[in-house]
Amino acid sequence: MNQTQSPTLPIQEAESPILSVRNLTTSFRSDDVWKPVVRNLSFDVPPRKTVAIVGESGSGKSVTSLSIMRLLPKRSSYIEGQINLGGQDLHTLSDDEMRRVRGRDVSMIFQEPMTSLNPIFPIGKQIAEALTVHKPLSRSEARAEVIRLLDKVRIPNAASRFDEYPHQFSGGMRQRVMIAMALASKPKLLIADEPTTALDVTIQGQILDLIKTLQDEDGMSVLFITHDMGVVAEIADECIVMFRGEAVEMGPTENIFLRGKHPYTRALLSAVPKLGSMTGRSLPLRFPIVDVLTGDMQPQRDVIDTVAQTKSPVLSVKNLTARFDIHSGIFSRKTAAVHAVENISFDLFEGETLSIVGESGCGKSTTGRSVTRLIEPVKGSIVIDGHDVMALNRPALRRMRRSIQMVFQDPFASLNPRMAIGTAVMEPYLEHGLGSRRQAQEKAADLLEKVGLKADMMRRFAHEFSGGQRQRIAVARALMLDPKVIVADEAVSALDVSIKAQVCNLLLDLQQSLNLAYLFISHDMAVVERISHRVAVMYLGEIVEVGPRAAVFENPQHPYTRKLMSAVPIPDPSRRTLKRELSVDELRSPIRSLKYVPPVREYREISTGHLVLLN
Amino acid sequence: MPTSRLFRRLGVLVGTGLVSASLWTAPVLAQNIKPLRYATGTDAQTLDPQFVTDIPTARVVTQIHETLIYPNSAGEMVGVLAESWDVSEDKLSWTFHLRKGIKFHDGTPFNAAAVKFTFDRIMAKETAAPRASSAAAIDSVEVKDEHTVIIKTKSPYAPLLAQLSAYNLAIISPSAGVKLNNEYSRAPAGTGPFKLGKWTPGEKLTIIRNDEYWGKKAASAAVEFTVVPEDSARVLMLMSGEADVVSNVPPIMVNRLKGAPGVKIVEQTGYRTIYVGLNLDTKPFDDLKVRQAIAHAIDTKLLLSGVMNNIGTAGGGLESTVIPGSAKIAPYPYNPELSKKLLAEAGYPNGFTIDFYITTGRYINDKQLGEAIQAQLAKVGIKVNLQSPEFGAYSAMLRQKKIPMFLLGKGSPTGDPDFTLTINVHSEGTGNYGNYRNDKVDRLLTEQRSTVEVAKRNEQLRQVLQQSYDDVPWIVLFYENQIFGERENVRGVEVLPNENVLFVNAKVE
Amino acid sequence: MITFLARRLSQLVPVLVGVSVIVFLMIHLIPGDPAVLVAGIDATKEDVAAVRQSLGLDKPLVMQYGEFVGRVATGDFGKSFRTGRPVSEEIGVRYWNTMILGLSAVVFGTLLGVITGILTAVYRNGWFDSSILAVSLLGISIPSFFLGISLMLLFSVYLGWLPLTGMDSWKNLILPTLTLGIPNAAIISRITRSSLVEVLNQDYVRTARAKGLKESVVVGHHGVRNALIPVVTVVGLQMGYLLGGAVVTETVFAWPGIGRLIVQSIAARDFPVVQASVLLLALTFVMINLLTDVLYRILDPRIKFK
Amino acid sequence: MSSNANLMSGNPRPAPVAVEEASRPASSRIRQILKQMRKSKFALPGGAIVLIFIILAILAPWIAPHDPYANDLMAMLLPPSAEHPFGTDELGRDILSRVLVGARLSLVEGLFSVSLAMLIGVPTGMISGYVGGRTDTVIMRIIDVMLAFPGVLLAIVIVSILGPSLVNAMIAVAIYTVPIFARLARGSTLSVKEEPYIEACQSAGMRHSRILLRHIFPNIASTLWVMAALRVALAILTASSLSFLGLGAQAPSPEWGAMLAAGRNYMLVAPHVVIFPGGAIVLLVLGINLFQDGLRLALDPKMAER
């Protein structure tokens, strides 16, 4: 075993750590070669403290947690080093001994509450299982204890929900169920592996608060795995930064945030969007980019104002409404409808970025798709670049689509895996008959260069690119038709922080040079703050607040806007002790009966262009 | 599992609706009887004699029913239900004196009225009997007294006696016979040595001894007909002792069975002729020389010894030589050189191509025969394309009389040539699929019908056979032998040339 | 649940009507005259005409179909051309025989398939997995007629342990069950394996392990229960295929089932029997599918009876 | 972001995981598939078997020791010998030569019927899934009707209509395979249709025909190929089953199923007449199935097996 050269946390004088990991190296087998994905990791988790492991995808943070639990597949992985939990080296335990440690001494919650519960058993039974496996309990005792646990994790009407199945719970509630299950045997250590990543920001806030509260109540230690610096700042006492399988820096969270020395730490921190960092600015701002090797800040050009407010808007949406029918009964009659988008209006000007923010199900993506008629809206008028979109026939619609292009969320899915990327980029151009193959080739090469790729990559396939590169390709493809508007539907949400920053900068660059208008759909308030000119907040299919970015962020009026903003974790460890006092609630459902008549809405103008929904 | 329970319920639902009706239980089958076990390839279709059109069905029906007259082993017509008979001077009315004291299985007495009922029934339009024509010669039936019945024909009809031995004309109980076909089959009432025990169609049929039988009582208490379609399966059952008697042993198995312990082979020359038909209305078979060429190109001797393992009887005439009065005509000798010469003379020095239609699985080794003939004809330059439509389509095509060349079998239910020759050889015959026309033959066929003198009629029939042999509208390959397998301890199974089997004297020792 | 069943049942009607029309048209497209086959090949023209009339075949096709539908609506499937027996009698026992064979093969195939499937999934990629995989690939590669004949040669001829054909005792059921069930087991084994492997890679299995459950509980309780959900569908489909595909096995083992009856009836142009039996099999097939759907929904609480 | 594998000096291990912004050199898809296939222990032996059969089938007329059609009634049912390595059949024909020539027929059976079925089924299913709505409902109802027909019996009825011949048997097998491909193509289209890259095409204003051909088809193709390989194996089995029932290849064609049917009556006296053609079917179909198993691993590990 190599002598460790990794940084280590200072040994706690007073109490011995709950978990002590030394020289952990985990390797995976691929194609008969063992490749280490976690190398020489050593750290401690002190009693009652929260230690966060933070890193981007592929950094080995999740593998670390699974190595501790010994939940990795035996055949294709092996673990070296010591993992000391409460005095015993987990690595030396027999499988059966290890099984008894799991759930009793250390338990774990996972990223995907949707898939982490067995869909075919009632949740009560699943929690009871975690109890009875470690100590014998009668049925009624187990039931009582489960209800107590459900109460503890603040699930309303716990007793009545005992026999419900996971699919009857929302994501946030499921994560509470997972936590209840993890706490069943009062473990000394809770490992939380990205427990809030899949959740909406308001729900994330609730769950983080819950973990903190429970930690105080039960006095357990938490090992928190996350990619989100904001979450780290909010929850962790100590923090380990991982990069490509190794810990590059560790220490008390404040130290890392304020005095992080490692270039990667600084690169990471500089790329993290910070809500409220734009106060006093009206124009968007590029993300600072720090070189991972040197830690040097790359110089950022200024952003000039591109918005052409004086011209008529390039996209104008009036009273747009989109619904999805719900059928049921013997003859599949229409019985209800999802009111996904309800009577929304907005304008988008050349060179402007209008962001639509909101949580899942608020109708923001439906808005984006309706604007291009990928979804047929129920009513409303859409004018793009002079075309009345709703009136267009099929060929005219195809022509119209040259003016408005989309970039989607999932960079891995938005490129046809069976098509060379050059072909994919050229395709729309050729399909619309805008020029010869040679011209297409030249234009594609030019655009690829423009988005930061190389023209000679055109013959490669999507799988040969990383997520960030693919998103650049998708942007290049969207630009092939010289559109006036780009609808970016969660275009940067799935990217790692550093990549996200780069792609955002790219979008800003392109707007600067091409005068593009962006309809930027996102749930990420911090990113939206950084790159928007104007912001619209959506809730249950309606715009509840819209206005210039500075006005909305600095002077939020609608209660929902405020709630949303207060829920965003701020990457500032000094605010760690604050609690939000968010109530346990969920997004309401936009499903309405057929008889539902949408109320007439009125907006109040707070300042120029800053409108807030009344009532 | 709820699955299985649901399935069971579903099954029971469907089952009770359908199964109960299907177990055809007539009189109670006595327990503990060890029946004679007979494995046959095909199930009976009906137990109503007047609806029988096939041999396997006839084999069951004739255990239960009897005709007025039946041929003995020498092929002579002897009385069964009729004790004696005489013909009127004008040869138009036949008086039959019936055996007395006989009862049908349902208790109805057998008498002249029953005979009249039976014949009237088959002739009635409403009956829609598929073989109503077998009584076509009959003009009317009169009851003279309780035990005397007079059958009148429209014109003098020599083959009447033989015709009366046809299984379609077996006598049935008037009280049972008011029901037809399927309904009658539930409780058939004949006079035979056996009555119906139980019938599960498609599977098994048991006949039990009729203890009130007028003649010599059946040797076995019961005979069980089991349907085993697979030839090899039947043979294996015989070898393993699961069956006492099996029908239609494939020729190839004969040698094997002959050497097997505890098993014996019964071989009986039959009435069935296997022949290759040629269509005289299609080229090149309109040319006699071509037809002769084909006759000389087919090595019937080799077919018989090779394909048939010598199970069959050689001959050239259309009627089997075991049929009383049939002519003994030698097959065309195999002579490919002559054949080629004839083809050249007919203008086909390089042969020709022809479609040859064959049956598969209907006659013993029919497909192999077709393939062997194909190879033999190839040697004289005739390219044969084998076509083997399934029998339903084949029979429809045959009856349109458009098939140029075909392989077919021709049986004889009564052993009298009149019936089959009229169908197959007469220019108007429905079974004359090759459009054979010869005025002399047509005339002779009409004459023989009214020729009641046996010797004279036989000469007329011989001439018909000889003439048709000379005209070569068909090439007879051989007469099919029937091969039954029996356990060594089985006695008394009578396999008849008309393909019937009698179990009355059969028993396991 | 009731709405679901009612809707599914109402969807079956057009399918069955479609099947009945197609069957009716198809069998009338088959060349050959049923009257000739009933009367016998060398029957006289008069005999054939009489038979044709008595079978009602002299009427126009549309009328024949109308009469057929009218009769079926009253539960009467007519009489067999060949035997004159009511069609329901003709096919009742045969259908039941096929059901017995099909069920027995499905039960055998499912038991064997699920057990080997679970074992191969648990011990995946080892020698056991490989050998079961090889055997099951062999199982689906043997034509049923060859498998049947081979089993017959081995168990009946050489070893003499089992009867050849017929259906006198439960022993008769063994070889046909094996013949039909072996490929079935192979398919179900592979489905179970892949389904269970997929389930074992699910997050909730990891959760179960993280709870400290015993591996046997993890696999047996959390794994198998979920893995069997898709298997139910396949078993249902297999049952359907077995009913239709049993014809070859029925032929080899002289099993008096409905498949063989249909083949014989087609050969004899026994239209009423063909119509009714194909319709009955189609009905069975869709009912089994419905049943598996219901089961699927019972097993998987996520799917509501909408 | 530039790449730097090792921040900690002195660590001998290579860069561990696929890193952001790393791009691997283009490797040909075929090579990739072959590499994946090697994960299945059986794929290569299976492929080798199929390849050998293809070579034998192509060379059959030149390497067959005897004329496969020449009969010799003096040399019937001879057991295997140096002269006739597989023995002779019921007409004294050389079984080895017949098996060799029969390989062509079996391969053609599989390929022709599956190609035909794909040609009809795949576009139908793709259009049904892509267009959706009423078109989809109508097409799916028709497919339901076709699927409700009991399996092989549909093929039997079709062959009865068209008349028994190998070509018609292949057509029948194709027709009854059509709904399987239609369903698969529809299902895959439905899921690919939801992929963002299809939405991207639509939002780029591309024609539906182009989206179907260039974007959807390539992405459902691997699933289809895997199914095709499986179906080729099944088609060979089904077509030879039909021949076995006398509904497929006609005499004197050396189709293996037909050879088995003819040889069945002789299996007690001369088992070699069934063993060799039967063994040939098993071997070829096994080869295809082994190959298919590997193909499945390489192309579509999650595909539901049927």
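Residues numbered from 1 in each chain as written. Chains lettered and ligands numbered in written order. Predicted model: local features only at pLDDT ≥ 70, side-chain atom pairs only at ≥ 80, totals over all residues. Heavy atoms only, no water.

(A) Local environment of the confidence of the model for chain C. The share of residues in chain C with pLDDT of 70 or more is 98%, and the mean pLDDT across the chain is 85. The secondary-structure element of chain C with the lowest mean pLDDT is helix α2 (residues 34-39) of chain C, recorded at 82, while helix α5 (residues 87-122) of chain C shows the highest, at 91. (pLDDT = per-residue confidence, 0-100. Helix = DSSP H or I, 4+ residues; strand = E, 2+ residues; numbered from the N terminus.)

(B) Summary view of the UniProt feature "transmembrane region" (unreviewed entry) in chain C. Residue and element names in this part refer to chain C. UniProt marks residues 12-30, 99-123, 135-161, 227-253 and 273-296 with the feature "transmembrane region" (unreviewed entry), using the numbering shown here. Here residues 12-30 is 95% helix and 0% strand, with 27 Å between the C-alpha atoms at its ends. Its end C-alpha atoms 35 Å apart, residues 227-253 is made of 96% helix and 0% strand. (UniProt positions renumbered as here; feature names shortened; annotations may be inferred.)

(C) View of the environment of K289 of chain B. Residue and element names in this part refer to chain B. Relative to the helices and strands, K289 is located in helix α8 (residues 288-297). In this structure, the C-alpha to C-alpha distance between K289 and L343, residues 54 residues apart in sequence, is 6.7 Å. The residues touching K289, leaving out its near neighbours within four places in the chain, are L342, E345 and A346. (Contact = heavy atoms within 4.5 Å.)

(D) Structural view of the environment of R394 of chain A. All names here are of chain A. Turning to its location among the elements, R394 is positioned in helix α12 (residues 394-400). Relative accessible area serves as the criterion here: at 57%, R394 is assigned to the exposed category. Placed 89 residues apart in sequence, R394 and D305 show a C-alpha to C-alpha distance of 36 Å. (Buried < 20%, exposed > 50% of the residue type's maximum accessible area, 1.4 Å probe, protein only.)

(E) Just the confidence of the model for chain D, in detail. All names here are of chain D. Taken residue by residue, chain D gives an average pLDDT of 82. The fraction at 70 or more is 88%. Confidence drops under pLDDT 50 across residues 1-26; counting only partners more than four residues distant or on other chains, this segment forms 61 contacts. In this model residues 302-306 is a low-confidence stretch, pLDDT under 50, and it forms 14 contacts with partners more than four residues away in sequence or in other chains. Interface confidence for the predicted complex, expressed as ipTM, amounts to 0.81; the pTM equals 0.82.

(F) Representation of the sheet that holds strand β5 (residues 82-87) of chain B in the model. Residues and elements named next belong to chain B. The sheet built from four strands is open, its strands ordered β5-β6-β8-β7 with antiparallel pairing. Only two strands of the sheet have a single neighbouring strand rather than two, namely β5 and β7 (138-145). Averaged over all neighbouring strand pairs, the angle between strand axes comes to 20 degrees, with direction disregarded. Bridge count between β5 and strand β6 (residues 93-98): five bridges; the pairing is antiparallel. The partner of V87 across the bridge, within β6, is W94. Along the sheet face, helix α3 (residues 112-123) touches β6, β7 and β8 (148-153) and points at about 160 degrees away from the line of β7. (Pairing = 2+ DSSP bridges. Axes fitted to C-alpha atoms, helices over the stretch in contact; angles between N-to-C directions.)

(G) Inspection of the side chain of Q275 of chain C at higher detail. All names here are of chain C. Mapped onto the fold, Q275 is located in helix α12 (residues 271-299). Exposure remark for Q275: the relative accessible area of 6% places this residue in the buried category. Once residues within four sequence positions are removed from consideration, Q275 is found in contact with V23, F24, I27, H28 and F68.

(H) Geometry of the domain arrangement of chain C. Residues and elements named next belong to chain C. Along its sequence, chain C is carved into domain 1 (2-73) and domain 2 (94-299). For domain 1 versus domain 2, the separation of C-alpha centres amounts to 33 Å. Domain 1 puts 20 residues into the contact, and the matching count from domain 2 is 17 residues. Between domain 1 and domain 2, the buried area comes to about 1,700 Å², and carbon and sulfur atoms account for 80% of it. Taken together, the connections running from domain 1 to domain 2 amount to one salt bridge. For D293, the salt bridge is made with R8, and the minimal N-O distance between the two is 2.1 Å. For the pair domain 1 and domain 2, the interface holds two residue pairs in polar contact (both at pLDDT 80 or more). Only α1 (2-29) and α2 provide two or more residues apiece to the side of domain 1 that touches domain 2. Per element, the largest residue contribution to the side of domain 1 that touches domain 2 is 13 residues, and it comes from α1. (Domains from an automatic or database assignment. Buried area = accessible area lost by both parts, 1.4 Å probe. Salt bridge = Lys/Arg side-chain N within 4 Å of Asp/Glu carboxyl O. Polar contact = N/O pair within 3.5 Å; in protein donor to acceptor, adjacent residues only side chain to side chain.)

(I) Fine view of the packing of α5 of chain C against helix α8 (residues 170-200) of chain C. Residues and elements named next belong to chain C. Contact pair α5 / α8: the axes reach a minimum separation of 6 Å and the direction vectors enclose 35 degrees. As for how α5 packs across α8, the hand of that crossing is right-handed. Of the residues contributing to the contact of α5 with α8, the split by class is 18 nonpolar, twelve polar and one charged. (Left-handed = near helix turned anticlockwise from the far one by under 90°. Nonpolar A, V, L, I, M, F, W, Y, C, P; charged D, E, K, R; others polar.)

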